[in-house]
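Listed below are the residues making up each chain.
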Amino acid sequence: MIDRIIRDDVEHVVDGFEHDTFAEKSVLITGGAGFLGSHLCDTLVALGAAVTCLDNFSTGLLKNVDHLLPKRGFRLVKEDVSNFKENEKFEFIFHFASRASPEEYQLYPVETLLANSRGSHNMLELARQHDSTILFASSSEVYGDPQVVPTPESYLGNINHLGARSCYVEGKRFSESLFMAFHRKYGLDMRIVRIFNTFGPRLRGDGFYARVLSRFILQALAGKRLTVYGDGSQTRSFCYITDLILGVLLVSSNVKARGEVLNLGSSQEIPILDAAKQVVTIVGSNPGLSFHPLPEDDPMRRCPDTGKAKEILEWEPQVSLENGLERTISWFRKQADGAS
Ligand SMILES: NC(=O)c1ccc[n+]([C@@H]2O[C@H](COP(=O)([O-])OP(=O)(O)OC[C@H]3O[C@@H](n4cnc5c(N)ncnc54)[C@H](O)[C@@H]3O)[C@@H](O)[C@H]2O)c1
């Protein structure tokens with residue numbers, strides 16, 4: 001059964017989308033059992049698409065999508081994105097398969113590079129074979145430690161291509177280049193989104209899989225000190241899941257986004273320390289903070305210039321960090337209470 005908070009979020013995105021682009025269309029979502037991919041599966045099923053969810057379950061969870069299994073048109077395929085073959089035509093492909101947590105992808109650098117090279121190539125060939133519209137989930141990490149903030153799509157990056165994070169950064173950059181090559185050489189209809197930190201229900205907060213907000217939330221709920229890297233003055237901008245999913249759907253469906261690269265994220269830039277304080281305030285506990293050395297190549301600032309998405313898609317995030325955190329923390333509380 002789908003959780004009420006997620007169900008309301010899906011309805012909110014469906015109401016906001018206002019197009020029938022995906023109704024009765026065949027859609028492939030790689031990484032569909034992960035955080036973003038599973039919300040995309042829920043939303044596209046609700047929009048009437050026939051959805052194939054492809055995932056190797058390296059970080060994704062069956063419980064994110066098992067409620068969709070009885071739905072008409074929903075299909076779950078357990079396979080690596082580099083090996084998947086299909087004769088059926090997909091009108092739309094969303095390529096989201098990749099490890100995404102910095103601690104975790106550094107443990108699996110080869111797999112991360114392959115999902116973003118062989119995997120991307122396999123998906124592009126599939127899209128070419130069927131003349132599909134394909135969207136790639138790139139990342140703000142392609143900007144490295146940016147010297148221009150808010151960062152526009154035209155910024156070329158400030159990157160350590162040999163560092164510990166390079167498996168992810170260079171994988172995303174290689175994929176972007178490959179997507180552009182298929183667009184230029186074969187006229188393939190492709191779109192690239194550079195996603196900035198996104199959070200919401202289903203974002204894993206456990207162990208190596210954790211992202212910063214989900215880790216803070218789980219620690220605060222457990223009364224444990226919140227892990228802060230560096231002095232916490234480094235900034236991030238956090239986008240709530242509904243805003244991100246609506247942005248992704250608009251990019252995929254709007255003809256003006258064809259062949260384009262677009263930043264998607266919140267432009268509300270805040271220090272990590274302030275994000276930690278917001279979490280403990282909403283949770284209502286005060287377990288304190290535990291400071292640790294800043295990881296290698298951790299960017300000092302991260303905030304998108306979303307002017308292009310605003311102009312092309314008329315898209316802007318609507319959910320405040322406080323409101324998004326309230327929803328996410330409620331969801332984590334229910335998980336801890338054993339409710340689904
Ligand atoms: N969440 C964010 O804030 C964020 C920010 C920037 C970019 N992204 C990108 O969005 C995508 C999804 O991220 P997420 O946050 O949902 O992460 P996630 O780990 O929750 O989801 C990734 C999914 O991909 C699957 N996967 C990984 N390698 C695979 C492979 N080789 N074959 C098949 N499936 C594979 C995993 O099992 C998982 O279900 C990733 O490409 C990530 O780089 C996410």
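Scroll up to find the structure.
An account of the accompanying structure is given in this report. (Residues numbered from 1 in each chain as written. Predicted model: local features only at pLDDT ≥ 70, side-chain atom pairs only at ≥ 80, totals over all residues.)

**Quick look at the site of the ligand**
For the ligand, the set of nearby residues contains 27 residues, the closest of which are Gly31, Gly34, Phe35, Gly60 and Ser98. Listed by contribution, the elements that provide at least two residues to the shell around the ligand are helix H2 (35-46) and strand E5 (133-139). Sorting elements by how many residues they give to the shell around the ligand places H2 first, with three residues. (Near = placed C-beta within 6 Å. Helix = DSSP H or I, 4+ residues; strand = E, 2+ residues; numbered from the N terminus.)

**Some points on helix H6 (residues 166-186)**
A rise of 1.5 Å per residue sets the reference length of H6, with its 21 residues, at 30 Å; its end C-alpha atoms lie 29 Å apart and thus fit the reference within 8%. Of the positions making up H6, those classed as buried are Ser166, Cys167, Tyr168, Val169, Glu170, Gly171, Lys172, Arg173, Ser175, Glu176, Phe179 and Phe182. Check the buried side of H6 and you find it contacts helix H3 (102-107), helix H4 (109-115), helix H5 (118-130), E5 and strand E6 (190-195). Directly after H6, the chain includes Gly187, whose backbone phi takes a positive value near 70 degrees. (Expected span 1.5 Å × (residues − 1). Buried ≥ 20, exposed ≤ 12 C-beta atoms within 10 Å, placed from the backbone. Contact = placed C-beta atoms within 7 Å.)

**A word on the sheet that holds strand E1 (residues 26-30)**
The strands making up a sheet are joined through hydrogen bonds of the backbone, oriented either antiparallel or parallel. Taken together, seven strands build an open sheet; the order of strands is E3-E2-E1-E4-E5-E6-E11 and the sheet is parallel. Two strands in the sheet have a free side with no partner beyond their single neighbour: strand E3 (75-78) and strand E11 (261-264). Strand-to-strand, the axes of this sheet are offset by a mean angle of 20 degrees, without reference to chain direction. Here H6 sits on the sheet and contacts E5 and E6; the angle it forms with E5, its principal contact strand, is near 155 degrees. (Pairing = 2+ DSSP bridges. Axes fitted to C-alpha atoms, helices over the stretch in contact; angles between N-to-C directions.)

**Looking at the pairing of strand E4 (residues 92-95)**
Regular strands show a simple pattern: their side chains alternate between the two faces of the sheet. Alternating residues of E4 divide into Phe92 and Phe94 and Ile93 and His95, and every residue in both groups is buried. Where E1 and E4 come together, four bridges link them in parallel fashion. Paired with Val27 across the two strands is Phe92, which belongs to E4. Looking at chain direction, E4 and E5 are connected through four bridges and run parallel. By the bridge assignment for E5, Phe92 is matched with Thr133.

**Quick notes on the packing of helix H7 (residues 212-221) against helix H9 (residues 272-283)**
The N-to-C vectors of H7 and H9 enclose an angle of 40 degrees; their axes lie 10 Å apart at closest approach. By the criterion of interaxial angle, the relationship of H7 to H9 is oblique. By crossing handedness, the relation of H7 to H9 is classed as right-handed. Residues Val212, Leu213, Phe216, Ile217, Ala220 and Leu221 of H7 pack against Ile272, Ala275, Ala276, Val279, Val280 and Val283 of H9. Counted by class, the contact of H7 with H9 contains 12 nonpolar, no polar and no charged residues. (Parallel < 35°, antiparallel > 145°, perpendicular 65-115°, else oblique. Left-handed = near helix turned anticlockwise from the far one by under 90°. Nonpolar A, V, L, I, M, F, W, Y, C, P; charged D, E, K, R; others polar.)

**A look at the environment of Gln335**
With respect to the helices, strands and loops of the structure, Gln335 is situated in helix H11 (residues 321-336). Under the C-beta neighbour-count criterion, Gln335 is labelled partly exposed, with 17 such atoms within 10 Å. Once the C-alpha coordinates of Gln335 and Pro201 are considered, the two residues, 134 residues apart in sequence, prove to be 9.8 Å apart.

**Structural notes on unusual backbone geometry**
In this model, Val149 is joined to Pro150 through a cis peptide bond whose omega is -5 degrees. Its place among the elements puts Pro150 in the loop between E5 and H6. Here Glu24, not a glycine, exhibits a phi torsion of approximately 65 degrees, which is positive. Examined against the element boundaries, Glu24 turns out to sit in the loop between helix H1 (4-17) and E1. A count of 11 C-beta atoms within 10 Å places Glu24 in the exposed class.

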